[in-house]
Amino acid sequence: MGSFFKPLKRRLISACLLVMAFVACLFMLFVDLQPKVSSDFFFGSDDPELAQSARIHALFPSDEFLIISAASHDIFSSRYYQTLENFSDDIGKIAGIRRVVSVSTGPESVARASESPFWKSLLIGDDGKSTLIIAFIDTPTSSHIIEEVEAAARIFNVGEAFHIRLSGTPYIVEQIRRSLVDDIKIFSSASLLIFAVILLIFFKSPVIALGASASGITAIFLTLLILQSIGQPVGILTANLAIIVFVLMQSQVIYLTANWRQTNAKDEIAAVRSALALTFRASFWCMLTTLLGFATLLNVAAEPLRQLGMGGIVGAIVALICSYGLYPVFLLFAERKTEKMPRINGIVKIRSFIRYGVGGCLLLVALSAVPGLSRLNTDPSLLSYFDPGTVLGEGLQYIDENGGSSPLKLVVRLKDGARLDNEAGYNAMWQLHNNLLADESVGTVISLPALLAEANTHPLAFLLPWREIVTLLSLGINDNVAENFLNEDRDQVLFLLRMNEVGRDKTRNKVISELQEITEREGFEPVLTGGVYMLQGRLSSLVSQSLIAGLAGLLVLFAIIAWIVSRNWRVSAAMTLTAAFIPVTILGGVGWFNVPVDIISAPAVSVCIGIAVDALIHLALALRRHDYSTNGINAWTRTLQEQSMGVIASSSLIAIGFLIFAGSAFPPTARFGMEIVLGAIFAGIAALTLFPLLTWFLEKVTRRP
């Protein structure tokens, strides 16, 4: 038999390595790993909220802009003004920057800007110790523009005399893109290495560690290759998809390896076949559950969540294919050790463990986390994407505290539809301007009445009526400045607000609703609302909806699959309850500790449910094999003895592997990693303790004597 097996094994491993090499070559040739992150990365082009922003842009054309703060202990000094002028001229020469507005290019003196109703709100910091430079840039923004602005800032930054800080949507987006690239290069690669080392330590077999790692990397390559072929680039969420796919596969690999080691078959091929037959059914149902969970994201309006949904669907299928099409070949070359899990002595100890042990403690932890759900912050500040202790975080916070950082656009008109290019319209707009500015969430308001107030300071302005002043400001010699605020029919006007992010204790949607109420009280009606602030508010709602609707839908689907797998309603109910406690505990704990739930870290809950689902399905199928309906607690004894190693290994591997993400300098990635670490630990322990406890409880309260 040995002479027959050896050529077969060689052919199988040769074919396996050839497939891996072919996939790797295609990956290197065709896959672009640069995350595609733009200022409208929150939504797809067909989203109604983004369409509303597009309509505002069509009515009032404007470019994206960088906000640059130049602080000094004396902003009125001639030295400060000269440096500001040189810096403004320098960045104005950068290719891609269309126009620079600063004290040196507008009012031409800090004193005059401080006295102007228009320039003060636009260019003077609230603390009176800084002025702002607004650099309008081409769309879409390229990385080189930000890099050159940063280089210029480093040259002119001279400490207290001229301290430069950068902000603005293009700058923040570029920082997010860089952080994702760094995480892909450093943490994703390092975590793959750590996973391989853990597999080697746990299974004590270089062949198994190599096979699991190589098969997992092939699954990553194949997933990203398929996504690239269907036109889906690497995005803000799919940047971490590689690790998710790797984890999906390693979970099945661990259960397959554990069953392979415990089989009684005498030759290599028979042992692998036995393990495949024993494990595939559970793996298939795990894949299907995971796939359906990701599928719930496909109908969400947020483009990143849709991308993650499609990536998760492809990844779940590819992970199953690689788990059973590539990895088993390596088992033919591994040494099979048949150590058994230690037996648990006696039914009495099992019952005591189930009734009064760790399962009860986990149940208390889950229940205590429930009130934390009401404290969940799914609408965190945009500044929460950056560590406030860093230079970048401090700079963004400083600019936010001095006039706001997140743009919001409000297009309004008088309720009676009257024209606004007259004195009555001016007075109404000016009143609305002041009331909007008085709101604590608003840092700065830039509007037509402020511009008209500046124009009215001209010595000859009294000779012209308001309509003529507006007409003059609409001429080309004045850069058509009025057209940026007033539509062609002169009955709709744009208010550009820079919103405060630091210290915000209301949701963005609530803030926008309150601003719209102010608008209506002043005799206007909102026509359009847009800007990054609005999109972020919309995104937070979608994250909340996807968490609630997605998790609820997944649990309903899992309840159906649990019954199909177990064919016992008590077991399926216990499985569903155990799975439900995973998101409750994670999200409740996050709420209690005020951890932001942003769009990057939110999918961690779905990953944790996937970990729990794997363990629960493998346990349920083992219970069914051991005839739980007849053998009761004895079936649990044998099931735990058979499957505990796989559950413990899977949850431990995932927890230790994701622990490295805690070291990321990008807070959303760090939160994503830590939530999975805690969720994996909880899921593994809950599967081995809480699931048996709930099963026993349902048996006691529902079964007649």
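Note: the structure precedes this text.
Residues numbered from 1 in each chain as written. Predicted model: local features only at pLDDT ≥ 70, side-chain atom pairs only at ≥ 80, totals over all residues. Heavy atoms only, no water.

*Asks:* How do you make sense of the overall build of the protein chain when you look at a structure like this?
*Replies:* Looking only at helices and strands, one finds 25 helices and eight strands in the protein chain. Counting all 705 residues of the protein chain, 58% fall into the buried class. Taking as baseline every contact in the protein chain between residues at least 6 positions apart, the subset at least 24 positions apart corresponds to 81%. (Helix = DSSP H or I, 4+ residues; strand = E, 2+ residues; numbered from the N terminus. Buried < 20%, exposed > 50% of the residue type's maximum accessible area, 1.4 Å probe, protein only. Contact = heavy atoms within 4.5 Å.)

*Asks:* What exactly am I supposed to notice about the packing of helix 19 (residues 508–521) against helix 20 (residues 532–566) here?
*Replies:* Any two packed helices are characterised by how steeply their axes cross, that is the angle between the axes, and by the distance between the axes. Packing of helix 19 against helix 20 leaves a shortest axis separation of 8 Å and a crossing angle of 130°. As far as their axial angle goes, helix 20 and helix 19 are oblique. Contact residues: helix 19 offers Arg508, Asn509, Val511 and Ile512, while helix 20 offers Tyr533, Met534, Gln536, Gly537, Arg538, Ser540 and Ser541. Per-class residue counts for the contact of helix 19 with helix 20 are four nonpolar, five polar and two charged. (Axes fitted to C-alpha atoms, helices over the stretch in contact; angles between N-to-C directions. Parallel < 35°, antiparallel > 145°, perpendicular 65-115°, else oblique. Nonpolar A, V, L, I, M, F, W, Y, C, P; charged D, E, K, R; others polar.)

*Asks:* Would you explain unusual backbone geometry in this entry?
*Replies:* Backbone geometry follows two general trends: most residues other than glycine have a negative phi, and most peptide bonds adopt the trans configuration. Backbone geometry places Arg490, a non-glycine residue, at a positive phi of 60°. By secondary structure assignment, the location of Arg490 is in the loop between helix 18 (466–473) and strand 7 (493–499). Since its relative accessible area comes to 16%, Arg490 is described here as buried. Of note in this structure, Asn594 is not a glycine but carries a positive phi near 55°. Tracing the backbone shows Asn594 in the loop between helix 21 (569–592) and helix 22 (604–625). Residue Asn594 is classed as exposed on the basis of its relative accessible area, which comes to 52%.

*Asks:* Looking at this structure, I do not really get the environment of Met28. What am I missing?
*Replies:* Inspection of the secondary structure puts Met28 in helix 1 (residues 2–30). Separated by 193 residues in the primary sequence, Met28 and Phe221 place their C-alpha atoms 8.8 Å from one another.

*Asks:* In this structure, what is going on with empty space enclosed by the protein? I would like to understand it.
*Replies:* One water molecule sets the probe size; rolling that probe over the atoms shows where empty space is left. On inspection of all chains with the given rule, the structure shows six cavities of 30 Å³ or more. As for the largest cavity, its lining consists of 27 residues, and the residues nearest its centre are Phe294, Leu554, Pro603, Ser606 and Val607. Listing elements by their share of the lining of the largest cavity, those giving two or more residues are helix 9 (241–262), helix 10 (268–295), helix 11 (303–325), helix 20 and helix 22. Of the residues forming the lining of the largest cavity, the biggest block, seven residues, is contributed by helix 22. Grouping the amino acids of the lining of the largest cavity by side-chain chemistry returns 17 nonpolar, nine polar and one charged. (1 Å grid on protein atoms, 1.4 Å probe; cavity = no way out; pocket = protein on both sides within 12 Å on 5 of 7 lines; lining within 4 Å. Points joined across faces, edges and corners; volume = space filled by probe spheres on them.)

*Asks:* So what exactly am I meant to see when it comes to a nonpolar patch on the surface here?
*Replies:* On the surface, a nonpolar cluster with roughly 300 Å² of combined accessible area is contributed by Leu193, Val197 and Ile201. With respect to the element layout, Ile201 can be found in helix 7 (residues 169–203). Using a relative accessible area of 58% as the deciding quantity, one classes Ile201 as exposed. (Patch = residues over 30% accessible without salt bridge, like charges linked within 9 Å, V, L, I, M, F, W, Y side chains within 5 Å. Areas by Shrake-Rupley, 256 points an atom, 1.4 Å probe, with all protein chains shown as cover. Salt bridge = Lys/Arg side-chain N within 4 Å of Asp/Glu carboxyl O.)

*Asks:* What's the story with the sheet that holds strand 7 in this structure? I'm lost.
*Replies:* Paired through backbone hydrogen bonds, the strands of a sheet run either parallel or antiparallel to each other. Pairing is antiparallel across the open sheet formed by four strands, whose spatial order is 6-7-5-8. Strand pairing shows two members of the sheet lacking a second neighbour, strand 6 (442–447) and strand 8 (524–530), which therefore form its edges. Recorded for the sheet is a direction-independent mean angle of 30° between the axes of neighbouring strands. Helix-sheet contacts for helix 19 involve strand 5 (406–414), strand 6, strand 7 and strand 8, and the interaxial angle to strand 8 is about 150°. (Pairing = 2+ DSSP bridges.)

*Asks:* Looking at this structure, I do not really get the sheet that holds strand 1 (residues 64–71). What am I missing?
*Replies:* What the four strands build is an open sheet, ordered 2-3-1-4; its pairing is antiparallel. In this open sheet, the two strands that pair with only one neighbour each are strand 2 (97–101) and strand 4 (163–167). Taking the axes of each pair of neighbouring strands and ignoring which way they run, one obtains an average angle of 20° across the sheet. The pairing of strand 1 with strand 4 spans five bridges and is classified as antiparallel. From the neighbouring strand, Ile68 faces strand 4, where its bridge partner is Leu166.

*Asks:* I would appreciate a short explanation of the pattern of salt bridges in the present structure.
*Replies:* Two side chains that carry opposite charge are able to pair once their charged atoms sit near each other. Inspection of every chain in the model, using the stated rule, returns 13 salt bridges. Put simply, Asp598 and Arg671 hold a salt bridge, and the shortest N to O gap is 2.6 Å. With a gap of 73 residues between them, Asp598 in the loop between helix 21 and helix 22 and Arg671 in helix 25 (residues 667–702) connect regions that are remote in the sequence. With respect to burial, Asp598 and Arg671 carry one shared label: buried.

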